[in-house]
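Per-entry structural report
Each chain is listed here by its residues.
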Amino acid sequence: MSTRERITRGMAAGLWRALVVMLLTLVAVVGGVATTQLWPVHMETGYFTADVAVEPRLDSTIQVPTVIGDVVMTFEGPLPAPGLTAQVQVRDEVTDLIRSGRLDATSLQPSQEELREAIDTGVREVAWKFAAGALVTSLLVLLAYGVSRPRHAGHVVAAAAGATVLALALPGASAYLTYRTGKVAEFRATSMLSLVQTNAGILDSLASKADQGAVYVTNLLALSDALREEFTPEGVEAPVAARFLLVSDIHGMDQYPLMRQIVATERIDAVVDSGDLVNFGRVREGELTGIFAGIESLGVPYVFVRGNHDAVSATDEALLQRLAQIPNVVLLEPTDGEYLRVDVHGVSVSGFNDVRFFNQRSDDFGGEQLEAAAQFREATDGLEPTDLVVTHQPFAAHRVRAGTLTVNGHMHAPALDGQHLQVGSFTGGGLVNQFRLPPLTEEAREAAEEDPETAGELVSQPYSFDILTVGQDCSVVSLTRYSYRNLVSGRPQFDDVRLVNGRTLQPDPPPGRTCGPELGVVTGPVGEFVPAEGRPADEGDGEVDDGEVDDGAVVTGAVDDGAGDGPGDGPGDAAVTGAMDDAVGDAAVTGAVDDAVTTAP
């Protein structure tokens, strides 16, 4: 046999052995997962029990499903880790103690030490049970080979042991590197469990109504809150410099009493609205619905860019001019081609209006958006990008650069794509988008007959808003995304609350910057802007005063967050009449971002 043949045969044998080891490893992994599924690991705390199993998926998530909602923790590690599921149960004796009044609901939440000890114990048990299952499975698979070839029994044991080691080492290493508190990318609570993150007093409220159902709910809410505290990254608890409420697509619906409550309870420093304030582009609509009074009543800066429903023609600026009369409104493009920047506690925001208008018909919406984005880029050429860049259309937002995030609306659905943040509709698309017109066609009548309970209400139109929190190093601390449905029809339903780790949006803080309330709120032209922290000492010696400064920027102190100190709520959601050609067709919109300009929310 020649040297070349020996090398070829050796390589073939080596590849065959490697393939066999890979297959055995896969079999071992399947065996380990199946073992934890059939015999899950049992964990206990003082008030809860849980059965934990490894799932056959590599999504780096821990899921805690319950009958009143799920807790889903998503991690971001160097390797995809096997998913884990924990089936939680409330211990029967705890329910009896609460019902008898011998245990208060506020003491239900397990301590961090107790929870951490239970988790550590569970992880160890999952590891050895997975390893045992992997070893037994690989041995059984190789048993036939060993029986037919007794002389190779040693090889069989060695191969099974090697496959088990690999099966445990690979997912084990990925789990060890991924499932850490600092690696949490998103904490999500769905349905009723999301109330824990929106109502700190929910446990006290339920304690006074501890019937059979409420007792169970109270226990699970307490556990959800404990898990959130345990798996919230340290950075999310960092000192806060500014909180932004991000909203969009109000569409003529006065939900400002709700917004005012959010501003007050969440200590919001500024509201950012990415457009479509009204439906038909007319100022009168805002007057009738009380929207302008509602905006003023918020008591914090209201940063705004125009959407495609906020004008009746390409040159119409009537709505912008009316908004400019409201003291707390900041227009990022008050007139065509004039761009302003606002710094809120040192966090910079700029943006540009949508060039489209209500009921517009065009064969090239994309070209118009490209031109608008190019005009903004030209005006800001050579300048450091602001932390946030706001516009209405996603097509345009993806064609400009921001220091931290671009923010857009238009699609009526929240989304997150890298540094591009899409805000959903605060009002579910507005009143005219909540209900279908009477079924005028045969197809529409058939659809209404098939689902009479929801014949009038559009589906896939969640109400949503975001709260963006920025730390004193001017980096994003967290993004909390809220979603709920059916407010108009009187059947409100909370979908979920997601807490996104700011480090996944902005891995590194901007160097050499400091943000905080002492910097106040500063507005001015983007090309002439001087931040508050960069102003000469003779302009206030570090103090931010009300008034105008030489460079044209307007500086104000920190706005009082006493929400509610303002005009009344207005007449409410008055009926709005007008052409319906564009508004009703603006329902749920799907498709790639680049195709979004062909739709008309």
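Residues numbered from 1 in each chain as written. Predicted model: local features only at pLDDT ≥ 70, side-chain atom pairs only at ≥ 80, totals over all residues. Heavy atoms only, no water.

Considering the overall build of the chain
Let me state the cut-off plainly: Elements are defined by DSSP. Helices are runs of H or I of four residues or more, strands are runs of E of two residues or more, and each kind is numbered from the N terminus. Here the accessible surface of atoms and residues is derived via Shrake-Rupley with a 1.4 Å probe, and residues count as covered only by protein chains that are part of the display.
Check the secondary structure of the chain and you find 16 helices and 22 strands. Summing over all exposed atoms, the chain offers an accessible surface of approximately 27500 Å²; the carbon and sulfur share of this is 55%.

Let's talk about the confidence of the model for the chain
Cut-off, in case you're wondering: Confidence scores here are pLDDT values: one per residue, from the predictor, ranging 0 to 100. When checking whether two residues touch, look at their non-hydrogen atoms; a contact exists if any pair is within 4.5 Å.
Summary statistics for the chain give a mean pLDDT of 74 and a share of 64% for residues scoring 70 or more. Within the model, the stretch residues 199-218 combines pLDDT values under 50 with 28 contacts to residues more than four positions away or in other chains. Across residues 555-600 the pLDDT falls below 50, and counting only partners more than four positions away or on other chains, this stretch makes 119 contacts in the model.

What to know about a nonpolar patch on the surface
Note the threshold: The patches described consist of residues with a relative accessible area above 30% and no salt bridge, like charges being joined within 9 Å and nonpolar side chains (Val, Leu, Ile, Met, Phe, Trp, Tyr) within 5 Å. Any Lys or Arg side-chain nitrogen found within 4 Å of a carboxyl oxygen on Asp or Glu counts as a salt bridge. Categorising residues by exposure relies on relative accessible area from a 1.4 Å probe, with only protein chains included: less than 20% of the type maximum marks a residue as buried, more than 50% marks it as exposed, and the intermediate range marks it as partly exposed.
A cluster of nonpolar side chains, contributed by Trp16, Leu19 and Leu23, occupies part of the molecular surface with about 340 Å² of accessible area. Mapped onto the secondary structure, Trp16 falls in helix 1 (residues 3-38). Its relative accessible area of 57% is what places Trp16 among the exposed residues.

Focus: helix 8 (residues 256-265)
The condition is simple: What the arc describes is the spread of directions from the helix axis to the C-beta atoms.
Among all positions in helix 8, only Tyr256, Met259, Arg260, Ile262 and Val263 are buried. Projection of helix 8 onto a plane perpendicular to its axis shows the buried side chains occupying an angular sector of 160°, all on one side. Where helix 8 is buried, its residues contact strand 7 (240-247), strand 8 (270-273), helix 10 (291-297), strand 9 (302-304) and strand 17 (463-471).

What to know about the state of the cysteines
To be explicit about the condition: We call a pair of cysteine sulfur atoms a disulfide when they lie within 2.5 Å.
Throughout the structure, instances matching the rule amount to 1 disulfide. The residue that forms a disulfide with Cys474 is Cys515, at a sulfur-sulfur distance of 2.0 Å. Given an S-S torsion of about 110°, the disulfide between Cys474 and Cys515 has right-handed geometry. With a gap of 41 residues between them, Cys474 in the loop between strand 17 and strand 18 (476-485) and Cys515 in the loop between helix 16 (502-505) and strand 20 (521-525) connect regions that are remote in the sequence. Here Cys474 and Cys515 have matching classes, each one buried.

Some thoughts on the packing of aromatic side chains
Spelled out, the test is: Between the rings of Phe, Tyr and Trp (Trp by its six-membered ring), a pair exists once the centres lie within 6.5 Å; its type follows the angle of the planes, with under 30 degrees stacked, over 60 edge-to-face, and the other angles tilted. Charge-over-ring placement is defined geometrically: NZ (Lys) or CZ (Arg) within 6 Å of the ring centre, and within 35 degrees of the ring normal.
Counted by the stated rule, this structure contains 6 aromatic pairs. Pairing Tyr339 with Phe376 gives two aromatic rings, centres 5.3 Å apart and planes at 85°, and the pair type is edge-to-face. Of this pair, Tyr339 sits in the loop between strand 10 (329-331) and strand 11 (340-344) while Phe376 sits in helix 12 (residues 365-379); the two residues are 37 residues apart in sequence, bridging distant segments of the chain. Accessibility classification places Tyr339 together with Phe376 in one group, the buried group. Here Phe465 and Tyr482 contribute two aromatic rings whose centre-to-centre distance is 4.7 Å and whose plane-to-plane angle is 15°, an arrangement assigned as stacked. With Phe465 in strand 17 and Tyr482 in strand 18, this pair connects stretches of sequence that are 17 residues apart. For the pair Phe465 and Tyr482, a shared accessibility class is recorded, and that class is buried. In this structure an aromatic cluster arises from ring pairing among Tyr339, Phe352 and Phe376. Sitting over the ring of Phe365, Arg356 keeps its end group 3.9 Å from the ring centre.

As for the pairing of strand 17
Which entries qualify depends on this criterion: Between any two strands, pairing holds if DSSP finds at least two bridges.
Taking burial as the measure, the 9 residues of strand 17 include 9 buried ones, the bulk of the element. Burial along strand 17 is two-sided: Tyr463, Phe465, Ile467, Thr469 and Gly471 facing one way and Ser464, Asp466, Leu468 and Val470 facing the other are all buried. The sheet contact formed by strand 7 and strand 17 spans 6 bridges and is antiparallel. Across the sheet, the residue bridging to Leu245 is Ile467, located in strand 17.

A look at the pattern of salt bridges
Taken as a whole and judged by the stated rule, the model has 7 salt bridges. One salt bridge connects Arg341 with Asp343, and the closest N-O pair in it is separated by 2.8 Å. You'll find Arg341 and Asp343 in the same group, each marked buried. Notably, a salt bridge pairs Arg481 with Asp466, separated by 2.8 Å at the nearest N-O pair. One end of the pair, Arg481, is in strand 18; the other, Asp466, is in strand 17, and 15 residues separate them in sequence. For Asp466, a relative accessible area of 2% translates into the label buried. Salt bridges sharing partners connect three or more residues here, namely Glu55, Arg57 and Asp59.

Details of the nonpolar core
Applicable threshold: The set of buried Ala, Val, Leu, Ile, Met, Phe, Trp, Tyr and Cys residues whose side-chain atoms join them within 4.5 Å is what this entry labels a nonpolar core.
The biggest cluster of nonpolar side chains holds 31 residues, and the ones touching the most others in it are Leu245, Met259, Val271, Leu277, Tyr302 and Leu323. The set of elements that each furnish at least two residues to this core consists of strand 7, helix 8, helix 10, strand 9, helix 11 (318-323), strand 10, strand 17 and strand 18. By residue number, the principal contributor to this core is helix 8, which donates 4 residues. Judged by nonpolar contacts, the second largest core, of 29 residues, contains Val303, Val349, Val407 and Val476.

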